[in-house]
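So you can see what is in the structure, the chains are spelled out below.
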Amino acid sequence: MNNVRVFLVAILGLFLCTPVFSEEKKGDLGGEPYYELGARLHEFAKVEEDYVKVAKWYRLAAEQGYAKAQFALGFMHIHGKGVPKDFVEAAKWMRKAAEKGYTEAQHNLGLMHFNGDGVPKDYIEAAKWYRKAAEQGHLDAQCDLGWMYYGGDGVPQNYAEAAKWFRQAAEQGHLDAQCDLGLMYQFGEGVPKDYAEAAKWYRKAAERGHLDAQCDMGLMYQFGEGVPKDYAEAVKWYRKAAEQGQLDAQCALGDMYSLGNGVPEDDVEAVKWWLK
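Residues numbered from 1 in each chain as written. Predicted model: local features only at pLDDT ≥ 70, side-chain atom pairs only at ≥ 80, totals over all residues. Heavy atoms only, no water.

**A short note on a negative patch on the surface**
- Negative charge collects at one region of the surface, where E104, D140, D176, D212 and D248 lie side by side.
- Owing to a relative accessible area of 39%, D176 belongs among the partly exposed residues under this scheme. (Patch = residues over 30% accessible without salt bridge, like charges linked within 9 Å, V, L, I, M, F, W, Y side chains within 5 Å. Areas by Shrake-Rupley, 256 points an atom, 1.4 Å probe, with all protein chains shown as cover. Salt bridge = Lys/Arg side-chain N within 4 Å of Asp/Glu carboxyl O. Lys, Arg positive; Asp, Glu negative; His and termini not counted. Charge placed at Lys NZ, Arg CZ, Asp CG, Glu CD. Buried < 20%, exposed > 50% of the residue type's maximum accessible area, 1.4 Å probe, protein only.)

**Describing the environment of V52**
- Structurally, the position occupied by V52 is in helix α4 (residues 48-63).
- The class of V52 is partly exposed, set by a relative accessible area of 41%.
- Considered as a pair, V52 and M76 are 24 residues apart in the sequence and their alpha carbons are 9.9 Å apart. (Helix = DSSP H or I, 4+ residues; strand = E, 2+ residues; numbered from the N terminus.)

**A look at the packing of aromatic side chains**
- Counted under the stated rule, the structure contains 9 aromatic pairs.
- Ring centres of F71 and Y102 lie 5.6 Å apart, and the angle between their planes is 55°; this geometry places the pair in the tilted category. Here the residue F71 occupies a position in helix α5 (residues 67-79), and Y102 occupies one in the loop between α6 (87-99) and α7 (103-115), the gap between them amounting to 31 residues.
- Ring geometry for W147 versus F166: centroids 5.4 Å apart, planes at 65°, classification edge-to-face. Placement of W147 in helix α9 (residues 139-151) and of F166 in helix α10 (residues 159-170) is noted, with a sequence separation of 19 residues between them.
- A residue is classified by how much of its surface remains accessible, and W147, at 34% relative accessible area, is partly exposed.
- F166 sits in the buried class, given a relative accessible area of 0%. (Phe/Tyr/Trp six-rings, centres within 6.5 Å; stacked < 30°, edge-to-face > 60°.)

Here you go:
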């Protein structure tokens, strides 16, 4: 028996033998102790048998109304670990947690409505749940709500409102939102057109590895928008994204080799990047 398995058996035995987990007192505890046990076991789970035990404890907590456990059980149903993969069941538990104000569940329920997973596809419902999470500071939800306003999905199209939500997440370091806010400044959507501000936000995301932002930084340097025109710098950013599979950057890097901009002219190298 490996060390993980020994730990699982030991901790399960400890909790099962502890009087507070007896059937007589189970109803007095609330769900938190069961959730904490499930979460601890989850850290060490390796095989399906382990996940079944995790789900058992999450369910005990979820059935007593503990929101974290309801979310966790819903998440396990999404991925089919320890329980059958079942989006309808997942949505049921997500909704229970979301209605208690748990932001992760609110955001996930929004995603489920957006994609039609386990619930009818409904952009109005998606936007509603994104907003509930966004207003509590959930960064992914703020970014997603921004895109709902950008596309007019479930809410009236409003670029200024989109930029507002992108900014809220971007200022807290959300990479996608930083890139999205850069896009808004580049094209003057919801904010004044400002290439320098666009480049600022693209750079913040690019320096932390965001591939689209790296490609966008390449474009800004190639055409001298918001930064001095610098082909070598453009190539540097294109290459960073291209080497990680960003298709637009691969194509752009091929163009740079074809034209000899920032690199020696090299048709073979150009074709190599075009064909990736």
